[in-house]
Amino acid sequence: MNNEEILDINKNYWNDHADLWFGTTALPQYGVHFPTEDDLHLFGDVSGKKMLEICCGSGHSLLYNAQKGAGELWGVDLSQKQLDNASILLEEQGYSANLLCDKMENELAVPKNYFDYVYSIYGIGWTTDLQGTFDKIASYLKKDGIFIFSWHHTLNYCIAWSCKDRKVVFDDDKLVMSKSYFDESYFKMPVHDSEIVLCNRKLSTYINALAKAGFVVEQLVEESDDDTLNATGELAPKTRKAKMLPLSFCIKARKL
Ligand SMILES: C[S@@+](CC[C@H](N)C(=O)[O-])C[C@H]1O[C@@H](n2cnc3c(N)ncnc32)[C@H](O)[C@@H]1O
């Protein structure tokens, strides 16, 4: 599969299933069983700031930042259906944003050296060109601008998970490692009545690509939230994996 084929499969999935994901994986959430922005305060005061969201989806993170007083909102997504939903959502709430339908791998029609923040909630991992995407994001940010993103923790995919019944496979009380941490090849994953194509990058791949693009990492968050860690009773089985490893990670980086 070449990159264009991967992007086509993923674009079709998001255009056909956008409504199913309306409002999920959006700020203040960074990921399931993960501390929220209300816990982490990675953004700080965004009032009056110029913000660009990569993979803005249904627009709920843009709305979150609009409600925090952000000065300018821009969003980019591969799926026109997602952007239509985002546009309606923001308009209903009395806000507007510059929404662009494009892939993050492209040189986007956005100003350079302009944004105070570029961010992406469960979006960056979809890229078929990580270094190119980070290089371009750096070019959109002002000097000292902030880049924040969250994604699946790589270990999450390496630990056995049955696609069929969507359950984690335990061997007695031990989790089973079923995929190499070093394997960054693309794989197809069945979702709903369709499929998506992803790859599983090592944390060092993200960190080294950030450094090469001219960022310094200010924070790497690998945690499960307190509710998950303290869950008992009926909730305990659902949180068993997240008690042993981070399911997501989040990085805050600054453009040098
Ligand atoms: C998990 S959703 C992100 C949801 C978003 N945080 C929200 O608030 O709705 C992932 C999004 O990435 C978009 N996407 C996938 N591949 C992309 C690419 N190569 N370039 C731009 N957007 C992409 C999808 O269309 C989808 O809307």
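Structure shown above.
The shown structure was predicted, so the numbers you read here are calculated from the model rather than taken from an experiment. (Residues numbered from 1 in each chain as written. Predicted model: local features only at pLDDT ≥ 70, side-chain atom pairs only at ≥ 80, totals over all residues. Heavy atoms only, no water.)

S.K.: Outline the pairing of strand β11 (residues 194–199), listing residues and values.
M.R.: Pairing geometry for strand β10 (residues 186–191) and β11, over six bridges, is antiparallel. Each residue of the ladder has a partner; that of P190, found in β11, is E195. Once β10 ends, the chain turns through two residues before running back antiparallel as β11, passing H192 with a positive phi of about 50°. (Pairing = 2+ DSSP bridges. Helix = DSSP H or I, 4+ residues; strand = E, 2+ residues; numbered from the N terminus.)

S.K.: Help me get a handle on the pattern of salt bridges, residues and values and all.
M.R.: Scanning all chains against the criterion turns up nine salt bridges. Of the charged contacts in the structure, one is a salt bridge between K142 and D116, with a shortest N-O distance of 2.7 Å. Taken together, the residues span a long stretch of sequence, with K142 in strand β5 (residues 141–152) and D116 in strand β4 (residues 115–121) at a distance of 26 residues. Assessed through its relative accessible area of 30%, K142 is described here as partly exposed. Here K143 and D144 are joined by a salt bridge, their closest N and O atoms 3.8 Å apart. (Salt bridge = Lys/Arg side-chain N within 4 Å of Asp/Glu carboxyl O. Buried < 20%, exposed > 50% of the residue type's maximum accessible area, 1.4 Å probe, protein only.)

S.K.: I'd like a rundown of the sheet that holds β5, residues and numbers included.
M.R.: An order of β3-β2-β1-β4-β5-β13-β12 is seen for the seven strands of this open sheet, with the pairing classed as mixed. On the outer flanks of this sheet lie β3 (98–101) and β12 (215–221), each paired with one strand and no other. Taken over all neighbouring pairs, the strand axes of this sheet differ in orientation by 15° on average, direction set aside. Sheet topology note: the strand β2 (residues 72–77)/β3 ladder contains four bridges and is parallel. Bridge pairing in β3 links G75 to L99. The strands touched by helix α5 (residues 130–140) are β1 (50–54), β4, β5, β12 and β13 (248–255); relative to β5, the strand with the most contacts, the crossing angle is about 140°. (Axes fitted to C-alpha atoms, helices over the stretch in contact; angles between N-to-C directions. Contact = heavy atoms within 4.5 Å.)

S.K.: Run through the packing of α5 against helix α7 (residues 203–212), naming residues and quoting values.
M.R.: Contact geometry for α5 and α7: axes closest at 9 Å, N-to-C directions at 40°. Classified by the angle their axes make, α5 and α7 are oblique. In this structure, α5 meets α7 at a crossing whose hand is right-handed. Of the residues in α7, those touching α5 at L130, Q131, F134 and D135 are T205, Y206, A209, L210 and K212. Residue composition of the contact of α5 with α7, by class: five nonpolar, two polar and two charged. (Parallel < 35°, antiparallel > 145°, perpendicular 65-115°, else oblique. Left-handed = near helix turned anticlockwise from the far one by under 90°. Nonpolar A, V, L, I, M, F, W, Y, C, P; charged D, E, K, R; others polar.)

S.K.: Please give an account of the packing of aromatic side chains that cites residues and values.
M.R.: Taken as a whole and judged by the stated rule, the model has 20 aromatic pairs. Taken together, a centroid distance of 6.5 Å and an interplanar angle of 75° make the contact between W74 and Y114 edge-to-face. Of the two residues, W74 is situated in strand β2 and Y114 in the loop between β3 and β4; the sequence distance between them amounts to 40 residues. A relative accessible area of 13% means that W74 is categorised as buried. The partly exposed category is assigned to Y114, whose relative accessible area is 23%. Three or more aromatic residues link up through ring pairs in this structure, and these residues are Y13, W14, W21, Y122, W126 and W151. (Phe/Tyr/Trp six-rings, centres within 6.5 Å; stacked < 30°, edge-to-face > 60°.)

S.K.: Can you break down the environment of L155 residue by residue, with the values?
M.R.: Looking at the secondary structure, you find L155 in helix α6 (residues 154–158). Given a relative accessible area of 27%, L155 falls into the partly exposed group. Along the backbone, L155 and S248 are 93 residues apart, and their C-alpha atoms lie at a distance of 8.9 Å.

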